[in-house]
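Structural characterization, general
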Amino acid sequence: MTLKSFPLSLLLSFVLSFLSLALAFNESFLSSSEFFALESGAQEAILRVVYDEALTEFLDQYPNWSANAYADNETQWHVDFYDGEDWVGNAHIDFSTDQLFEVYLVKDLSPEAYALGKEKLEQLISSDAEILAIIGDLKSWNYDISYNKWESRWQAWFDRNIETVAINFDEYDERFYVGEIYDPYAFTAEEQEELERNKAIELAYSAEGIDEALNGVENWHTYAEPLGENLWGVEFGGEERYFYAVVNIDSEEITETSTR
């Protein structure tokens, strides 16, 4: 069903609802050219969603909110909400039942809720055996406790000189549990290998004799493989091998070279 196919009485009801919403939202997105540029189905989905009391209260936090919508299937629509360029939540509406489902709204904690959560986490941090085994003396660290509203998760961040430790907490039945303790700056195994590979190629490309070996050669390629103990073998080739080098990425030395 689209707005054009509504009975007149229902259409008038929607218009009145729209006007009241526009007024409540201080003539914001619902009265903008951006909203009227959307297809009728998207407009209807947004109007149905924001008319819900919980959504109205939520959007009051964001005076400059905007929305977009698309159909998931014949009767169900997905509506995304934005504050400027930042995504702040979504909701789904089923036109056949006029019911909202799978609503996710990014919300800040109240000062009271934040203070209570921080107090509970400070108690947990100072008594949890796993945390203390890694952190040791809490007084030797600078740390901060924060709530990530985008992920609905509490986090703690510890730093001391060049050391950094981050902790994600899980919450269940108003109690906190340690979810993950990690180095936020650590690379994954794949990222670390890619960094080492790039460094090996860079070192090999600085080797003596490589310019002569590649002079006049077109469409050559670079292959690099780990040889163990910080050693990498790097080959510059195409139809044949033009240059080969073994490099130590730790000492940044070129230990072996050969040409075709």
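Description of the structure in this document. (Residues numbered from 1 in each chain as written. Predicted model: local features only at pLDDT ≥ 70, side-chain atom pairs only at ≥ 80, totals over all residues. Heavy atoms only, no water.)

1. Things to note about the pairing of strand S3 (residues 86-94)
What counts here: When accessible area is computed with a 1.4 Å probe and restricted to protein chains, residues below 20% of their type maximum are described as buried, those above 50% as exposed, and intermediate ones as partly exposed. Counting from the N terminus, the helices are DSSP H or I runs at least four residues long and the strands are E runs at least two residues long. DSSP calls a pair of strands paired once it identifies at least 2 bridges connecting them.
Among the nine residues of S3, seven are classified as buried, and the element is accordingly described as predominantly covered. As paired strands, strand S2 (residues 76-83) and S3 are joined by eight bridges and run antiparallel to one another. Within the sheet, the bridge partner assigned to Tyr82 lies in S3 and is Trp87. Here S3 runs beside strand S4 (residues 99-105); their pairing, made up of five bridges, is antiparallel.

2. Here's the deal with unusual backbone geometry
One non-glycine residue, Ser152, lies in positive phi territory at about 50 degrees. In this structure, Ser152 sits in the loop between strand S5 (142-148) and strand S6 (153-160). Here Ser152 falls in the partly exposed class, since its relative accessible area comes to 40%. A positive phi angle, near 60 degrees, is found at Glu252, a position not held by glycine. Relative to the helices and strands, Glu252 is located in the loop between strand S11 (241-248) and strand S12 (253-259).

3. Some thoughts on the packing of aromatic side chains
As a reminder, the rule being used: Note on aromatic contacts: the rings of Phe and Tyr and the six-membered ring of Trp form a pair at centre separations within 6.5 Å, being stacked when their planes are under 30 degrees apart, edge-to-face when over 60 apart, and tilted otherwise. Two thresholds decide whether a charge sits over a ring: the Lys NZ or Arg CZ must be within 6 Å of the ring centre and within 35 degrees of the ring normal.
Within the structure shown, the criterion is met by 17 aromatic pairs. Plain terms: the ring middles of Phe29 and Phe35 are 5.7 Å apart, the flat faces sit at 80 degrees to each other, and that makes the pair edge-to-face. Phe29 sits in the buried class, given a relative accessible area of 3%. The buried category is assigned to Phe35, whose relative accessible area is 2%. By the ring-pair criterion, three or more aromatic residues cluster together here, those being Phe29, Phe35, Phe36, Trp65 and Phe81. Across from the ring centre of Tyr244, 4.3 Å away, lies the NZ or CZ of Arg241, which sits over that ring.

4. Some points on the pattern of salt bridges
We apply this condition: Here a salt bridge means any side-chain nitrogen of Lys or Arg lying within 4 Å of a carboxyl oxygen belonging to Asp or Glu.
Applying the stated criterion across every chain yields a total of nine salt bridges. Between Arg153 and Asp170 there is a salt bridge; the shortest N-O distance is 3.5 Å. Taken together, the residues span a long stretch of sequence, with Arg153 in strand S6 and Asp170 in strand S7 (residues 163-172) at a distance of 17 residues. For the salt bridge of Glu193 with Arg197, the shortest nitrogen-to-oxygen distance reads 3.1 Å. With Glu193 and Arg197 both in helix H7 (residues 189-205) and four residues apart, this pair spans about one turn of that helix. Classification of Arg197 by relative accessible area gives partly exposed; the value is 22%. A cluster of three or more residues bridged by salt bridges with shared partners is formed by Glu44, Arg48 and Asp98.

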